[in-house]
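Examination of the molecular architecture
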Amino acid sequence: MTSPNTPASPEVRIGIGVSPGTAFGPVVQVAPPVRPPADEPGSTDPEGDLERVRAALAVVAADLDARAAHADDTAQQILKATALIARDRGLAKAAGAQLAKGVGPAHAIDAAVEQYAAQFEALGGLFAERVTDLRDVGARAIAQVLGIPAPGIPKLSQPSVIVAEDLAPAETALLDPALVVAIVTRAGGRTSHTAILAAQMGIPAVVQLSEATAILAGTPVSVDGDTGEVVIDPPVELVEEHRRRRAARTQALAASTGPGRTADEHPVALLVNIGGVRDALEAATADVEGVGLFRTEFVFLSATTAPTVDQQTEIYRQVFEPFGRRRVVVRTLDAGADKPLAFANLGHEDNPALGLRGLRLSAERPDLLDTQLEALARAADLTGADVRVMAPMVATAEEAAWFARRVRENGLAKAGVMIEVPGAALRARHVLADVDFASLGTNDLAQYTMAADRMRGELSDLLDPWQPAVLEVIAAACRGGAELDKPIGVCGESAGDPLLALVLVGLGVSSLSMAPSKVGLVRLALARHTLAQCQELAEAALHARTARDALDAVRSAANPEVTAIL
Ligand code: PEP
Ligand code: MG
């Protein structure tokens, strides 16, 4: 590995840490996507060229499917959904229209992709996030018609830090954690595909780093996936400090096992977020107390027709079984906005994040909810698992009661709601009246509290769950839960932040659900603080004026044994 320099003052840049851990290594820049050659001749045989474009898109789709076959669930679903873009007949048709105008095949693909990208960007939300996937499909298809290698990460010969404008899911999913020590991107956000996949794979990652792509290849950098700090040409001391921190962290984590507990034995269940059978099989072997969020829509992202009761029962059975008697909290389909499902599409919406998504869609299509609840009940019977079912995007007490009734009518014992709408948080004592539990979806709760699209990386500061306003809303939900003595968990990304986890517990949260790679540090942080200390930290965060102040206040008051290894 390249050795660190000792400049007087190294260049320090701050992005957003989205996957914990520190790393040091030389930069490998991911080449910008293939562009159509300036001297490409025009099309003289539009029909023949359209066949070539179709064939190229088919190869791209097949390649993405083949990659999906080797990836874990979350990556698999993202790759399959990207393959669907390549199979979209409209895309080939749009390229055909360009060819008919005499444009060459590579330019025709590019124009078709850009036409789609403009539409996606105009729609915002879910679609804007998919522009990276769409352009990746375009670049792959262009490479295919030109007969050159597909774009992507160069072959690595040593442990390296991968730096890119953004990473397409097809690239991120197949990274080798043994050679990719960290990921840095200029674009992306807290909930972008890069962030989710990097955390799932345990690779430290920083997104939204300005001028990331201008860092010269081969330059040594240190990356801190917790603080978002990237140091270019870091001094030896910093690299050594990171190395010590990693070693101390590994040692501390090895000594911290078992159920989540504060230092004074207050239980806080440590759970994992999963997206399907493979995630379940892997997570079940980890030292966790069960599943706090099974995103069932992830299983069906690429399905074009609604899955039957039998098909769903079999999938759920396979998810429940590996967890034995541990709890599995299942979320019913959260279709719409950033998670579109082809078979649950109610047509164009100007504002999908504020539209018929989550439970609202179940009200429009109760058949989908009933099929799913029946399958969940059957799988629960078959496995004897501790299954708890919750609804996404609940806003009112009536909705919660309606959902709970349907869950119980299907013979399922425990019904809950996700609290991700500020209105539901403020009225938690009514919303929770007819259900058994709630789970705070802090990704959406931050989006709706701060009126900031969660898919817009550049709005990350507003989406920061340390925003005191978001913490106030969480506190209100916890007060409502406490009044009724109903447990409240957290399953948004904030649950995996060790310092924020302390605040959440101080506010009254009794379970935390996160990517498996984040559980160890959260368990350790809890074990080093009493419940009373967590409450003090929560008070300090609530009284802060800004998100930064809240984090600083908690960091400086938390046990140094914990902050020293973060
Ligand atoms: C959330 O909104 O915090 C959440 C856990 O749900 P999702 O990220 O799937 O919308
Ligand atoms: Mg949500």
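Refer to the structure printed above.
A brief structural summary. (Residues numbered from 1 in each chain as written. Chains lettered and ligands numbered in written order. Predicted model: local features only at pLDDT ≥ 70, side-chain atom pairs only at ≥ 80, totals over all residues. Heavy atoms only, no water.)

1. Things to note about the sheet that holds strand 12 (residues 386-391)
Applied cut-off: Pairing between strands requires that DSSP locate at least two bridges from one strand to the other. Runs of E in the DSSP output that reach at least two residues are strands. Runs of H or I that reach at least four are helices, and both are numbered from the N terminus. Note on method: axes are straight lines fitted to C-alpha atoms, helices fitted across the in-contact stretch only, with angles between N-to-C directions ranging 0 to 180 degrees. Only heavy atoms matter for contacts: two residues are in contact if any of them lie within 4.5 Å across the pair.
Spatial strand order, 9-10-11-12-13-14-15-16: eight strands in a closed barrel with parallel pairing. For this sheet, the mean inter-axis angle between neighbouring strands, taken without regard to orientation, is 30°. Bridging between strand 9 (residues 269-274) and strand 10 (residues 290-295) involves three bridges; their strand directions are parallel. In the strand pairing of strand 10, Asn 273 is matched with Leu 293. Sitting on the sheet, helix 14 (residues 397-409) touches strand 12 and strand 13 (414-419), and the angle it makes with strand 13 is about 150°. Lying over the sheet, helix 21 (residues 519-527) contacts strand 9 and strand 16 (511-514), oriented at roughly 160° with respect to strand 9.

2. Topic: helix 14
Here is the rule we go by: Helix span is expected to be 1.5 Å times the residue number reduced by one. Exposure classes here rest on a 1.4 Å probe applied to the protein chains alone. A residue is buried below 20% of its type maximum, exposed above 50%, and partly exposed in between.
If you check helix 14, its first and last C-alpha atoms are 18 Å apart, about what 13 residues at 1.5 Å a residue would give, namely 18 Å. Within helix 14 the residues assigned to the buried category are Ala 400, Ala 401, Phe 403, Ala 404, Arg 406 and Val 407. Residues of helix 14 that are buried make contact with helix 12 (359-364), helix 13 (366-383), strand 12, strand 13 and helix 16 (428-431). At the C-terminal side of helix 14, Gly 411 shows a positive phi close to 85°.

3. Remarks on the side chain of Ser 256
Here Ser 256 lies in the loop between helix 9 (236-254) and strand 9. Look at Ser 256 and you get buried, because its relative accessible area is 11%. Once residues lying within four places of it in the same chain are set aside, the contact partners of Ser 256 are Arg 523 and Leu 524.

4. What about the sheet that holds strand 1 (residues 11-14)?
Picture the strands of a sheet paired through backbone hydrogen bonds; they go either parallel or antiparallel. Sheet architecture is open: eight strands sit in the order 1-8-7-3-4-5-6-2, paired in mixed fashion. Edge positions in the sheet fall to strand 1 and strand 2 (16-19), since each has one partner strand and no second. Neighbour-to-neighbour, the strand axes of this sheet turn through a mean angle of 30°, independent of strand direction. Bridge analysis of strand 3 (residues 22-29) against strand 4 (residues 160-164) gives three bridges, and the strand direction is parallel. Looking across to strand 4, one finds that Val 28 is bridged to Ile 162. In the packing of helix 9 onto the sheet, contacts are made with strand 3, strand 7 (220-224) and strand 8 (229-232), and the angle to strand 3 comes to roughly 125°.

5. Notes on empty space enclosed by the protein
Stated precisely, the cut-off is as follows: A cavity here means a set of 1 Å grid points, computed over protein atoms only, where a 1.4 Å probe fits but cannot escape. A pocket is an open set with protein on both sides within 12 Å along at least 5 of 7 lines, and lining residues have an atom within 4 Å of a point. Grid points are joined across faces, edges and corners, and a volume is the space filled by probe spheres set on the points. Here the term charged refers only to Asp, Glu, Lys and Arg, the term nonpolar to Ala, Val, Leu, Ile, Met, Phe, Trp, Tyr, Cys and Pro, and the term polar to all other amino acids, Gly among them.
For the structure on display, the rule yields two cavities of 30 Å³ or more. Each pocket or cavity is described by its volume, and for the largest cavity that value is around 70 Å³. Taken together, 13 residues make up the lining of the largest cavity; nearest its centre are Arg 295, Arg 331, Met 418, Glu 420 and Asn 443. Elements represented by at least two residues in the lining of the largest cavity include exactly strand 10 and helix 17 (442-450). Examining the composition of the lining of the largest cavity, we find that three residues originate from one element, helix 17, more than from any other. Looking at the lining of the largest cavity residue by residue, the classes come out as three nonpolar, four polar and six charged.

6. Some details on the layout of surface pockets
Gaps left between atoms show up when a probe the size of a water molecule is rolled over them. Operational definition: Domain extents, as shown, originate in an automatic or database domain assignment.
Put simply, the second largest pocket is a space of about 1,100 Å³. Ile 16, Gly 17, Arg 190, Asp 226 and Asp 497 are, among the 46 residues lining the second largest pocket, the residues nearest its centre. Those elements giving two or more residues to the lining of the second largest pocket turn out to be strand 2, helix 8 (193-201), helix 17, helix 18 (460-463), helix 20 (498-507) and helix 23 (547-557). The class makeup of the residues in the lining of the second largest pocket is 18 nonpolar, 16 polar and twelve charged. Counting residues domain by domain, the lining of the second largest pocket receives three or more from each of domain 1 (11-31 + 152-250) and domain 3 (256-563).

7. What to know about the nonpolar core
The cut-off we apply is this: Think of a nonpolar core as a cluster: buried Ala, Val, Leu, Ile, Met, Phe, Trp, Tyr and Cys residues, connected wherever their side-chain atoms sit within 4.5 Å.
If you look at the biggest cluster of nonpolar residues, it comprises 108 residues, and the most contacted ones within it are Phe 320, Trp 466 and Leu 512. Within the second largest apolar cluster, 37 residues are counted, among which are Leu 79, Ile 85, Leu 91 and Val 145.

8. Digging into the coordination of the magnesium ion (ligand 2)
Put simply, the test is: With water excluded from the atoms, a metal site may look incomplete; its donors are any N, O or S atoms within 2.8 Å, or within 3.2 Å for Na, K and Ca.
The protein atoms donating to the magnesium ion (ligand 2) are Glu 420 (OE) and Asp 444 (OD), with metal-donor distances spanning 2.0 to 2.2 Å. Taken together, the residues span a long stretch of sequence, with Glu 420 in the loop between strand 13 and helix 15 (422-426) and Asp 444 in helix 17 at a distance of 24 residues. Note on accessibility: Glu 420 and Asp 444 belong to one class, buried.

9. A closer look at the site of ligand 1
This is how it is decided: Residue proximity to a molecule or strand is established when one non-hydrogen atom of the residue lies within 4 Å of it. Under this definition, polar contacts are N or O atom pairs within 3.5 Å; protein pairs additionally need one hydrogen-donor-capable and one acceptor-capable atom, and for neighbouring residues in sequence, both atoms have to be side-chain atoms. Every accessible area reported is derived by Shrake-Rupley at a probe size of 1.4 Å, with residue values counting cover from the shown protein chains alone. In this scheme, a molecule is assigned to a cavity or pocket if more than half of its atoms are within 2 Å of the grid points.
Neighbouring ligand 1 are 14 residues; Arg 295, Arg 331, Lys 339, Asn 443 and Arg 454 lie closest to it. Arg 295 places a polar side-chain atom, nitrogen or oxygen, 2.7 Å from an oxygen atom of ligand 1. One nitrogen or oxygen atom from the side chain of Arg 331 is found 2.8 Å from an oxygen atom belonging to ligand 1. In the complex, the protein chains occlude 99% of the 280 Å² of accessible area that ligand 1 would expose alone. One can see that ligand 1 is located within the largest cavity. For the shell around ligand 1, the secondary structure elements donating two or more residues are strand 10 and helix 17.

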